[in-house]
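# Geometric and topological summary
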Amino acid sequence: MAAAPPAPAAGALFPNSSLYVGDLDATVDESKLYDLFSQVAPVISVKICRDMTRRYSLGYAYVNFTSPIDASNAMDALNFTYVNGKPIRIMFSNRDPGLRKSGYANLFIKNLDPSIDTKALYETFSAFGSVLSCKVAIDHTGKSKGYGFVQFDKEESAQNAINRLNGMLINDRKVYVGTFVRRQERNRGKGSPKFTNVYVKNLSESITDESFKKMFEKFGVITSALVMKDANGKSKCFGFVNFETPESAAAAVENLNESSLDDKVLYVGKAEKKAEREAELRAQYLRERNNRFEKLKGANLYLKNLDETINEEKLRELFSEFGTITSCKLMHDPNGVSKGSGFVAFSSPEEATKALNKMNGKMIGRKHLYVAVAQRREERKAWLQAHFAQTRSPGAMSPISGFHTSAPTRLGHQPLYFSQVGPGIIPQPPAYGFQQPPLPGLQSGVPSNFVMPFQLQQPGQRMGPRRGGNSQLQQQQLYPSSQGFNTNARNGGVNPSMVPQGLMGPIMPLPIDTSGASMEIPLVTSPISRTMLASAMASASPENQRKMLGEQLYPLVERLEHNLAGKVTGMLLEMDQTEVLHLIESPDALKKKVIEAMNVLRLASANSDIGDQLGSLS
């Protein structure tokens, strides 16, 4: 057993000349305290402790005097004085936390009458010795919580106060006075934490404090027993019993929990604070939710972009052909209007996979349905962050194949920085409709971690366009599949709209010396996959997200409708981002949406050319 800390020396009644001033109102400043304490003795300095960032008062301050005698006189004269409507609490400053945390001569008092404040508690206990600190716990409204703390300078004074006041009536209420025990020590030990306070509910309305105490006396010495009552003195049918030892409390819980009393089943358990109960209930809720997700893992589908005419019955009917549906939920707003999203859970992951493959992208009503495996919000966020960090990490494959330059201007013979691809890794093929140009000049001796996103001709062939020739025609011959490229050689052969903002640096043609011949080679880019685009969008601002979607969508729309691609793309970008991502990957869905957009434009415009262009798509 650890030895108790030594008692302060007799001459240490005034340990220093600095005072701690607590319970300050938020509006009190240094000048207010300086004027107050200067009335008693000369003040050297005043310091109100404030928050480091927002600089608001933390509710306490330190006042320094020239001598300990001045500090003692100021504490005696001004302790519990009202400043800006609140009584201040003064004690000698003790910068060493060892005494405070040791619990030396520290008492815990409970079952206090609400009318007893810190000053009344101080006056009650100061009769037994010199009080170092004293406080009654209050809530956010300033009302007493019914318990408090008193610390003496000597252990003898604390024991004397326990012997004289424990179990005595203060303002007609029997109070408990005992040694303060820190929470860590109360919960110390393996297994269940030890406790002495027991909570009892489902009591009869006729039970009194005496009969309530007598019911528990057989299990051990009781320090306090109380049945809670309302303002009219009527029993609330619950109460608290505090034992002297944890063993007595555990025996009472074991023997009386779920026992019958006056045709009622009693609940007897450890008394817990509100924060402890909330933490336990939350942990229980999270365990149940995790178990529910584990059971439905892979079998629960998330649906989005549902038509307004779809209700839960129709939703269940749509998916019932794929297997047994265990639950079906359509999300509504507070007014009962469908949000266009919902969940369908099947009895097995196989049935859910079958439904996902068949229903994702299917036209239901007037909208294309989006179906995906349901994920918890934290899981989806964590996956996106991890995936995006992986694509951005050094050594990972760049989202766009190609090489970057260090400046946005045309350079001479500068070193090239190729995309870093690990050995044996082949870049992912682009989305539909895009064809990667062949690499006939790539020799087997080139290391596998160099990706040549341009076409090298065989040795002896002339590199670059001929002088005086048609550069556009020659470029089309060099790149047979020119989708996604700007055929204007002045722009370097790359359509900048194909590159999502923030994913690639400036791209330009560079003159390169190959076998003594200078050539100008345009870079080849391809659209990124939906997974990569979604990862990039996760960390982008809403404005950049719209730009990134537009940069990917515009070239696809331009193939279907060249003249009005800008207007149609703007109309499609008004849709939900998830549906736009679906259009980027699905040619059929995109074509249908373009036709719908052209129908709207044809009705809104008198230009007959739009109708001709629409007919060419159907």
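Summarised in this report is the structure supplied together with it. (Residues numbered from 1 in each chain as written. Predicted model: local features only at pLDDT ≥ 70, side-chain atom pairs only at ≥ 80, totals over all residues. Heavy atoms only, no water.)

## Focus: the overall build of the chain
Scanning the chain from terminus to terminus reveals 19 helices and 28 strands. With 618 residues in all, the chain has 37% of them scored as buried. Considering only contacts in the chain between residues 6 or more positions apart, those separated by 24 or more positions represent 62%. As displayed, the chain has an accessible area near 36,000 Å², and 51% of this comes from carbon and sulfur atoms. (Helix = DSSP H or I, 4+ residues; strand = E, 2+ residues; numbered from the N terminus. Buried < 20%, exposed > 50% of the residue type's maximum accessible area, 1.4 Å probe, protein only. Contact = heavy atoms within 4.5 Å. Areas by Shrake-Rupley, 256 points an atom, 1.4 Å probe, with all protein chains shown as cover.)

## Let's talk about the pairing of strand 1 (residues 18-22)
When you tally the buried positions in strand 1, you get five out of five residues, the bulk of the element. Burial along strand 1 is two-sided: S18, Y20 and G22 and L19 and V21, pointing in opposite directions, are all buried. One ladder, built from four bridges, connects strand 1 with strand 3 (residues 57-65); its direction is antiparallel. Bridged to Y20 within strand 3 is Y62. Here strand 1 runs beside strand 6 (residues 89-92); their pairing, made up of four bridges, is antiparallel. Counterpart to L19 in the pairing with strand 6 is F92. (Pairing = 2+ DSSP bridges.)

## A look at the nonpolar core
In terms of nonpolar packing, the biggest core is built from 23 residues, with L553, V557, V568, L572 and L590 touching the most fellow members. Apart from the residues lying within four places of it in its own chain, the contact partners of V568 are V557, V594, A597, M598 and L601. Counting 22 residues, the second largest nonpolar core, distinct from the first, contains L19, V28, L33 and I90. (Core = buried A, V, L, I, M, F, W, Y, C linked by side-chain atoms within 4.5 Å.)

## Comments concerning the sheet that holds strand 8 (residues 131-138)
Sheet architecture is open: four strands sit in the order 8-9-7-12, paired in antiparallel fashion. Each end of this open sheet is capped by a strand with a single partner; those strands are strand 8 and strand 12 (176-179). Within this sheet the neighbouring strands show an average axis-to-axis angle of 20°, counted without direction. Docked against the sheet, helix 4 (residues 118-125) engages strand 7 (106-110), strand 8, strand 9 (144-152) and strand 12, running at close to 140° with respect to strand 8. Contacts between helix 5 (residues 155-165) and the sheet are confined to strand 7, strand 9 and strand 12, with strand 12 contributing the most and set at about 150° to the helix. (Axes fitted to C-alpha atoms, helices over the stretch in contact; angles between N-to-C directions.)

## Observations concerning the packing of helix 16 (residues 565-572) against helix 18 (residues 587-604)
In the contact formed by helix 16 and helix 18, the axes pass within 10 Å of each other and the chain directions differ by 105°. Here helix 16 lies roughly perpendicular to helix 18, going by the angle between them. Taken together, the residues of helix 18 that come into contact with helix 16 (itself represented by K567, V568, M571 and L572) are L590, K593, V594, A597, M598, V600 and L601. Of the residues that constitute the contact of helix 16 with helix 18, the class distribution is nine nonpolar, no polar and two charged. (Parallel < 35°, antiparallel > 145°, perpendicular 65-115°, else oblique. Nonpolar A, V, L, I, M, F, W, Y, C, P; charged D, E, K, R; others polar.)

## Quick word on helix 18
In a regular helix each residue adds 1.5 Å, so 18 residues correspond to 26 Å; helix 18 covers 26 Å between its end C-alpha atoms and thus fits that length. Considered for burial, the residues of helix 18 that qualify are A589, L590, K593, V594, A597, M598 and L601. (Expected span 1.5 Å × (residues − 1).)

## Side note on the pattern of salt bridges
For the structure on display, the rule yields nine salt bridges. Connected through salt bridges with shared partners, the residues D307, E308, R366 and K367 form a single ionic network. (Salt bridge = Lys/Arg side-chain N within 4 Å of Asp/Glu carboxyl O.)

## Some details on the side chain of S248
Tracing the chain through its elements places S248 in helix 8 (residues 246-256). Overall, the relative accessible area of 9% leaves S248 in the buried class.

## Some details on the packing of aromatic side chains
The geometry of an aromatic ring pair is captured by the separation of the ring centres together with the interplanar angle, meaning the angle of the planes. Here the structure, examined in full by the defined rule, presents 18 aromatic pairs. Summarising the aromatic geometry, the rings of F108 and F149 are spaced 5.7 Å apart at their centres and angled 45° between planes, so their arrangement reads as tilted. Taken together, the residues F108 in strand 7 and F149 in strand 9 connect sequence positions 41 residues apart. A relative accessible area of 22% places F108 in the partly exposed class. Ring centres 5.4 Å apart and planes at 70° place the aromatic pair F212 and F216 in the edge-to-face group. With F212 and F216 both in helix 7 (residues 209-216) and four residues apart, the pair spans about one turn of that helix. If you follow K110 out to its NZ or CZ, it ends over the ring of Y176, 5.2 Å from the centre. (Phe/Tyr/Trp six-rings, centres within 6.5 Å; stacked < 30°, edge-to-face > 60°. Lys NZ or Arg CZ within 6 Å of the ring centre and 35° of its normal.)

## Some remarks on unusual backbone geometry
Its identity is not glycine, yet N84 carries a phi of approximately 55°, on the positive side. For N84, the position within the fold is in the loop between strand 4 (82-83) and strand 5 (86-87). For N84, a relative accessible area of 37% translates into the label partly exposed. With a phi close to 65°, N111 is a non-glycine residue in the positive phi region. In this fold, N111 is placed in the loop between strand 7 and helix 4.

## Here's the deal with the sheet that holds strand 19 (residues 300-304)
The four strands lie next to each other as 20-21-19-24, forming an open sheet whose pairing is antiparallel. In this open sheet, the two strands that pair with only one neighbour each are strand 20 (325-332) and strand 24 (370-373). When strand polarity is set aside, the average angle formed by the axes of neighbouring strands in this sheet is 20°. Where strand 19 lies against strand 21 (residues 338-346), five bridges are found, and the strand directions are antiparallel.

## Points about the environment of S260
Along the chain, the position of S260 falls in strand 16 (residues 260-261). Exposure remark for S260: the relative accessible area of 62% places this residue in the exposed category. Placed 57 residues apart in sequence, S260 and L203 show a C-alpha to C-alpha distance of 9.8 Å.

## Examining helix 11 (residues 349-359)
For helix 11, every residue scored as buried is listed here: E351, A352, A355, L356 and M359. End-on, the buried residues of helix 11 take up no more than an arc of 135°, which puts them together on one face. Opposite its buried face, helix 11 presents the exposed residues E350, N357 and K358, each directed more than 90 degrees away. After helix 11 finishes, the residue G361 shows a positive phi value of roughly 85°. (Arc of directions from axis to C-beta.)

## Quick notes on the environment of K304
By secondary structure assignment, the location of K304 is in strand 19. Counting along the chain gives 56 residues from K304 to N360, while the straight-line C-alpha distance between them is 9.8 Å. Apart from the residues within four sequence positions on either side, K304 is in contact with G340, S341, L369, Y370, D576 and T578.

Geometric values such as these leave the question of function open.
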